[in-house]
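# Observations on the three-dimensional arrangement
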Amino acid sequence: MNNRKQLLNHLLDIGGVGTLNNFYSPSAKTHKGGLLFTRKLFKSYLKDGLINKIEPIGKPANKAREVFYCLTKKGADYIGRSDEYRYKKYQRSPYNIMHESMKFDVALAFLRLFPNKKFTFRYDASLYGVRPDILIRVESTQPKVLTRFLLVEIERKKTIDRIFNEKIKRYEEMFQAIVQKKSHNISQFIVLFVYTDIWWDPFLRPQEYNIPSVINHIDCVNGLIKNLVTHYCKYLSTERYRFLGFHNFYRLHEPIWLMPQGNRGSLIL
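Residues numbered from 1 in each chain as written. Predicted model: local features only at pLDDT ≥ 70, side-chain atom pairs only at ≥ 80, totals over all residues. Heavy atoms only, no water.

## Focus: the overall build of the protein chain
- Assigned secondary structure in the protein chain consists of seven helices and ten strands.
- With respect to the principal axes defined by its C-alpha atoms, the protein chain has extents near 55 × 50 × 35 Å.
- The proportion of buried residues among the 269 residues of the protein chain is 48%.
- A separation threshold of at least 6 residues defines the contact pool for the protein chain, and within that pool the share at least 24 residues apart is 62%.
- Seen as two clouds, the 44 positive and the 24 negative side-chain charges of the protein chain have centres 3 Å apart. (Helix = DSSP H or I, 4+ residues; strand = E, 2+ residues; numbered from the N terminus. Buried < 20%, exposed > 50% of the residue type's maximum accessible area, 1.4 Å probe, protein only. Contact = heavy atoms within 4.5 Å. Lys, Arg positive; Asp, Glu negative; His and termini not counted. Charge placed at Lys NZ, Arg CZ, Asp CG, Glu CD.)

Next up, the structure:
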């Protein structure tokens, strides 16, 4: 598949909406270089009517980061997926742009880093009152292997105790309800916490991570995640939980996920 169609396929896969920044080029050496080819593609898509610009509310400080685009019906036809098209040209709140962008970064990273897997993304799922930021269905390619469900929580909070008290406790209650009611196969679920603090700029791209101040911030976030795992999560099931700093969203396929006992491992999909 050529790059022109692949980007549109990925755009549809992650929900039909995204920014230039989300679709940066991971192989580029610089931040500007990472957006160069994407800008050309988006410009041609707009010209051909394959995508539409979603007019922002207010004046964005950085258009590449904060202006969203959506796939059109013509764009879905172009990639042969017209039956999956859904209208998405709804204005988005400027107060939620960071979280929205982070969701699409993570979803797109799964597509890019696990190209042989079939993913379905939902942003409106609810299980026993728990609403993950992303519910990812990982289709099994083998008859006897169960479909997996990744419940992704993207947390950008000042203190790590809030993650345990406001989120993890609710997930533990959810798992207890599943076992009691026998409504699902609990072994099919794994919860992924992707964390950073409120001072991290989620619009930064990996090409910018070598800046000294950013390196120091990454070390700080890594320390917070380690504290979360060792002080709050050491008694949780190692089969059900994984933790990662958001700055590692482009390395989801590597053995860098922290497990409740503090060991690192890979996602087994």
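## Quick word on the packing of aromatic side chains
- Per the counting criterion, the structure on display carries 20 aromatic pairs.
- Ring geometry for F42 against Y69: centres 5.2 Å apart, planes inclined by 85 degrees, an arrangement best described as edge-to-face. Of this pair, F42 sits in helix α2 (residues 31-48) while Y69 is found in strand β3 (residues 68-71), placing the two residues 27 residues apart along the sequence. There is no split in this pair, since F42 and Y69 are both buried.
- Residues F110 and F114 carry aromatic rings whose centres are separated by 6.0 Å and whose planes lie at 25 degrees to one another, so their mutual orientation is stacked. Across the pair, F114 and F110 agree in class, each one buried.
- Aromatic rings pair up to connect Y24, W200, Y209, F246, F249 and Y250 into one cluster. (Phe/Tyr/Trp six-rings, centres within 6.5 Å; stacked < 30°, edge-to-face > 60°.)

## A look at the sheet that holds β3
- Taking strand neighbours across the sheet as the criterion, the three strands line up as β1-β3-β2 in an open arrangement whose pairing is antiparallel. Unpaired on one side and paired on the other, β1 (17-19) and β2 (51-53) mark the two borders of the sheet. Sheet twist, expressed as the average angle between the axes of neighbouring strands with direction ignored, equals 35 degrees.
- Taken together, the three bridges between β1 and β3 define a ladder with antiparallel strand orientation. The residue bridging T19 from the neighbouring strand is F68, located in β3.
- The sheet contacts of α2 involve β1, β2 and β3, and relative to β2 the element is tilted by about 100 degrees.
- Relative to β3, helix α5 (residues 97-113) is tilted by about 50 degrees, and along the sheet it contacts β1 and β3. (Pairing = 2+ DSSP bridges. Axes fitted to C-alpha atoms, helices over the stretch in contact; angles between N-to-C directions.)

## A few points about the packing of helix α1 (residues 3-13) against α2
- For the pair α1 and α2, the least separation of the axes is 11 Å and the interaxial angle reads 80 degrees. In this view, α1 runs roughly perpendicular relative to α2, as classed from their interaxial angle. Together, N3, R4, L7 and L8 of α1 and F37, T38, L41, F42, S44, Y45 and D48 of α2 make up the contact between the two elements.
- Grouping the constituent residues of the contact of α1 with α2 by class yields six nonpolar, three polar and two charged. (Parallel < 35°, antiparallel > 145°, perpendicular 65-115°, else oblique. Nonpolar A, V, L, I, M, F, W, Y, C, P; charged D, E, K, R; others polar.)

Note that all results are geometric; they support no functional claim without further evidence.
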